[in-house]
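Summary of the model geometry
In case you want the letters, here they are:
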Amino acid sequence: MNIAEKPSATLAQHEPGAPTQEGFIPLSIPEINGNEWQYVKECLDTGWVSSVGSYVDRFEKMMCEYVNTSHMVATTSGTAALHTAMLVANIQPNEEVLVSTLSFISPANAIRYVGAYPVFMDSDSTFWQMDVKKVERFLTQECHQEKNGLFNKKTGRRIAAIVPVHILGNAVDMDPLIELAKMYDLKIIEDAAEGLGVKYKNRHVGEMGDIGCFSFNGNKIITTGGGGMVGTRNPHIASKAKYITTQAKDDPIEFIHGEIGYNYRLTNVQAAIGVAQLELLESYIQTKRAIAKRYEEGLNSIPGITVMKEAPHTRCTFWMYTILIDEKQFGISSRELLRILGNKKIQARPLWQPLHLSKAHADYEAYECHNAEKLNRQGLSLPCSISLSLKDQERVINEIRGCSL
Ligand SMILES: *Cc1c(COP(=O)(O)O)cnc(C)c1O
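Residues numbered from 1 in each chain as written. Predicted model: local features only at pLDDT ≥ 70, side-chain atom pairs only at ≥ 80, totals over all residues. Heavy atoms only, no water.

**Considering empty space enclosed by the protein**
Quick reminder of the rule: With a 1 Å grid spanning the protein atoms alone, the term cavity applies to any set of points in which a 1.4 Å probe fits but cannot get out, the term pocket to an open set with protein on both sides within 12 Å along at least five of seven lines, and the term lining residue to any residue with an atom within 4 Å of a point. Grid points are joined across faces, edges and corners, and a volume is the space filled by probe spheres set on the points. Lys, Arg, Asp and Glu make up the charged group, whereas Ala, Val, Leu, Ile, Met, Phe, Trp, Tyr, Cys and Pro make up the nonpolar group; the residues left over, Gly among them, are polar.
By the definition in use, this model includes 1 cavity of 30 Å³ or more. For the largest cavity, the lining is made up of 15 residues, of which I29, P30, K220, I221 and I386 are closest to its centre. Per-class residue counts for the lining of the largest cavity are 7 nonpolar, 5 polar and 3 charged.

Structure, rendered in structure tokens:
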């Protein structure tokens with residue numbers, strides 16, 4: 001079971017200051033200690049529980065203000081937000097979209113949902129984000145310009161867009177990526193599911209591309225249980241997104257639909273939770289950063305461990321605190337450490353299998369994705385709930401120390 005989806009009766013035991021259940025230290029669980037109850041009660045008391053209601057509007061407006069963009073459309077999940085983004089960006093079947101290979105699987109799936117094909121891009125070895133230099137090399141060396149677009153020499157397909165995935169709480173180096181997109185007339189759809197609150201050169205992740213997608217799944221920095229959002233500065237894209245996520249209904253009374261739409265609406269109850277969560281996001285980020293600082297102090301000097309670093313020009317949220325284990329220097333592999341920590345009731349988790357190696361996407365092109373494969377072998381995410389106590393964190397650090405050579 002995903003720890004983030006545990007029923008709230010169990011979560012109550014993980015409130016700040018409360019002892020964790022039988023010494024179990026979870027990876028990352030939701031923090032519910034703001035106005036969630038009050039706002040949800042209001043929904044229930046007034047009967048506004050479903051897909052219309054003031055909290056959906058409020059949540060969208062607050063997200064606009066927070067990330068400093070013009071339009072937000074709430075969706076049922078981050079994956080639904082990404083699918084919606086592909087549709088409103090008008091990505092066509094048989095077009096290609098460049099996407100980070102070291103990512104949760106959603107963005108690649110969303111590319112396939114519209115019949116387009118992912119081209120997987122490597123991670124940089126220092127900050128683990130999409131390697132923009134390799135993207136540039138791919139676009140200049142592996143593609144050729146024709147009058148109606150940029151085409152992949154190998155497959156003959158048109159390149160339509162780039163999906164930089166901001167992973168773990170850091171940001172992709174966006175400025176050179178935006179330059180490339182301009183030069184080749186490509187759209188940028190940011191996957192900011194893990195990047196809410198991350199800033200790059202004082203701009204929010206998710207507001208720099210044509211479209212930005214967010215997630216409020218249980219394990220994200222704020223949660224609505226499940227949910228997502230599509231953000232954009234373009235009013236046409238925003239209204240199109242609203243339209244297709246609400247079944248493309250053309251008439252407020254008659255059941256007349258202009259095209260095939262989707263039921264991707266977030267409910268008012270979920271949005272109420274989201275508003276309460278967003279109110280506390282900045283304090284959550286400060287806590288995550290403090291947790292990261294303590295891990296760095298405790299782990300940095302251990303041979304064979306590389307700690308997670310804040311990328312240049314970035315305010316990292318350290319959403320998911322991650323280290324790399326060099327098996328030769330440390331003595332055991334990341335997976336061995338994962339197992340040993342598990343036996344001590346400390347929940348850690350590996351990084352994602354690079355998507356070009358996934359059975360789901362093995363048929364599609366990958367461009368020199370060696371760093372991502374190494375990061376997958378060496379990466380290990382450590383407990384980093386907002387409610388993680390200093391005592392529990394010391395236990396994690398000491399257990400890891402105890403495993404080193
Ligand atoms: C969580 C996540 C998603 C998907 O969000 P859901 O709300 O779970 O559908 C997409 N991309 C990345 C990088 C994620 O981490």
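**Here's the deal with the pattern of salt bridges**
Counted only if it meets this: Any Lys or Arg side-chain nitrogen found within 4 Å of a carboxyl oxygen on Asp or Glu counts as a salt bridge. Under the DSSP-based scheme used, a helix requires at least four consecutive residues in state H or I and a strand at least two consecutive residues in state E, with every element numbered from the N terminus. Each residue is assigned to one of three classes by its accessible area relative to the maximum for its type, calculated with a 1.4 Å probe on protein chains only: buried under 20%, partly exposed between the two thresholds, exposed over 50%.
Inspection of every chain in the model, using the stated rule, returns 18 salt bridges. A salt bridge links K154 to E365; its shortest N-O distance comes to 3.3 Å. On the criterion of sequence distance, the pair formed by K154 in the loop between β5 (149-152) and β6 (159-163) and E365 in the loop between β15 (349-350) and β16 (366-367) is long-range, its members being 211 residues apart. Across the pair R233 and E207 runs a salt bridge, and its minimum N-O distance is 2.8 Å. Taken together, the residues R233 in the loop between β11 (228-232) and α8 (235-245) and E207 in the loop between β9 (203-204) and β10 (211-215) connect sequence positions 26 residues apart. Judged by relative accessible area, R233 falls into the partly exposed class, the value being 40%. Salt bridges linked by common partners bring K293, R294, E297 and E394 together as one network.

**What about the site of the ligand?**
The following threshold applies: In this text, near means that some heavy atom of the residue lies within 4 Å of the molecule or strand in question. Polar contacts here mean pairs of N or O atoms no more than 3.5 Å apart (in protein, one a potential hydrogen donor and the other a potential acceptor; neighbouring residues in sequence count only if both atoms are side-chain atoms). Per-residue accessibility takes into account occlusion by the displayed protein chains alone, with areas from the Shrake-Rupley method and a 1.4 Å probe.
Neighbouring residues of the ligand: 16 residues in total, closest T79, D191, E194, S215 and K220. Between the ligand and G78, the relevant distance is 2.7 Å, taken from an oxygen atom to a main-chain nitrogen or oxygen of the residue. A distance of 2.5 Å separates an oxygen atom of the ligand from a polar atom in the side chain of T79. Coverage of the ligand by the protein amounts to 93% of the 380 Å² it exposes when considered alone. Elements supplying a minimum of two residues to the shell around the ligand: α4 (78-88) and α5 (106-113). Here the element with the most residues in the shell around the ligand is α4; it accounts for 3 residues. Split into classes, the residues belonging to the shell around the ligand amount to 5 nonpolar, 8 polar and 3 charged.

**A word on the sheet that holds β16**
As a reminder of what qualifies: Two strands pair if DSSP finds at least two bridges between them. The contact criterion used is simple: two residues touch if any of their non-hydrogen atoms lie within 4.5 Å. With axes taken as lines fitted to C-alpha atoms, and helix axes fitted only over the stretch in contact, angles between N-to-C directions fall between 0 and 180 degrees.
Taken together, the 8 strands give an open sheet; going across it, the order is β1-β11-β10-β7-β6-β2-β3-β16, and neighbouring strands pair in mixed fashion. Both outer strands of the open sheet, β1 (71-75) and β16, are each paired with one neighbouring strand and no more. The sheet contact formed by strand β2 (residues 96-100) and β6 spans 4 bridges and is parallel. Its bridge partner lying in β6, V99 is registered against V163. Sitting on the sheet, α4 touches β1, β6, β7 (187-191), β10 and β11, and the angle it makes with β10 is about 165 degrees. The strands touched by helix α7 (residues 174-184) within the sheet are β6 and β7, with β7 carrying the most contacts at an inclination of about 150 degrees.

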